[in-house]
Amino acid sequence: ASETPPRLSGAALLISEIPEAKLDLHGLSAREAEVQVCNFLERHARTSRGKVVHIITGKGTHSDGPPVLPGLVEKLLREEFSHDVVEHAGLVGGGAIALRLRG
């Protein structure tokens, strides 16, 4: 008897899906990153409904002081884009976020 593999759900499903698009913020200032994230999410909220996208923030290892971009992206997801993003989770290893857009 062949066993069916367990079905993924929640964060496991979210981070396992191949993203529709990726935005890499490496090397950007906080202000530049904010503009890029807003443009990216506004565009994909319209064109990639129900799909998964990734935002690569980096881990901040090249920053002076604590990493800024992960917190900035979290804040944007929580405040500006809470109505466009159904769920989000950090990717294994850190430095990136997977998010599902509202369908």
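Just so we're clear, the structure is a prediction, and the values are computed from it rather than from any experiment. (Residues numbered from 1 in each chain as written. Predicted model: local features only at pLDDT ≥ 70, side-chain atom pairs only at ≥ 80, totals over all residues. Heavy atoms only, no water.)

(A) Structural context of helix α3 (residues 69-78). For α3, every residue scored as buried is listed here: Leu69, Leu72, Val73, Leu76 and Leu77. Around the axis of α3, the buried residues are gathered within 135° of arc, so they sit on the same side. (Buried < 20%, exposed > 50% of the residue type's maximum accessible area, 1.4 Å probe, protein only. Helix = DSSP H or I, 4+ residues; strand = E, 2+ residues; numbered from the N terminus. Arc of directions from axis to C-beta.)

(B) Molecular detail of the pattern of salt bridges. Here the structure, examined in full by the defined rule, presents four salt bridges. Put simply, Glu34 and Arg31 hold a salt bridge, and the shortest N to O gap is 3.6 Å. Here Glu34 and its partner Arg31 are both found in helix α2 (residues 30-47), three residues apart, which amounts to about one turn of the helix. With a relative accessible area of 27%, Glu34 lands in the partly exposed category. (Salt bridge = Lys/Arg side-chain N within 4 Å of Asp/Glu carboxyl O.)

(C) Focus on the sheet that holds strand β4 (residues 96-101). With respect to topology, four strands assemble into an open sheet ordered β1-β2-β4-β3, the strand pairing being mixed. The sheet terminates laterally at β1 (21-24) and β3 (85-90), the two strands that pair on one side only. The sheet shows a mean angle of 20° between the axes of neighbouring strands, taken without regard to direction. Packed on one face of the sheet, α3 meets β2 (52-56), β3 and β4 and runs near 15° to β4. (Pairing = 2+ DSSP bridges. Axes fitted to C-alpha atoms, helices over the stretch in contact; angles between N-to-C directions. Contact = heavy atoms within 4.5 Å.)

(D) Region of interest: the pairing of β4. The buried fraction of β4 is high, at six of six residues. The alternating pattern of β4 places Ala96, Ala98 and Arg100 and Ile97, Leu99 and Leu101 on opposite faces, both of which are buried. For β2 and β4, the ladder comprises five bridges, and the chain directions are antiparallel. The residue bridging Ile55 from the neighbouring strand is Ile97, located in β4. Here β3 pairs with β4 via five bridges, running antiparallel.

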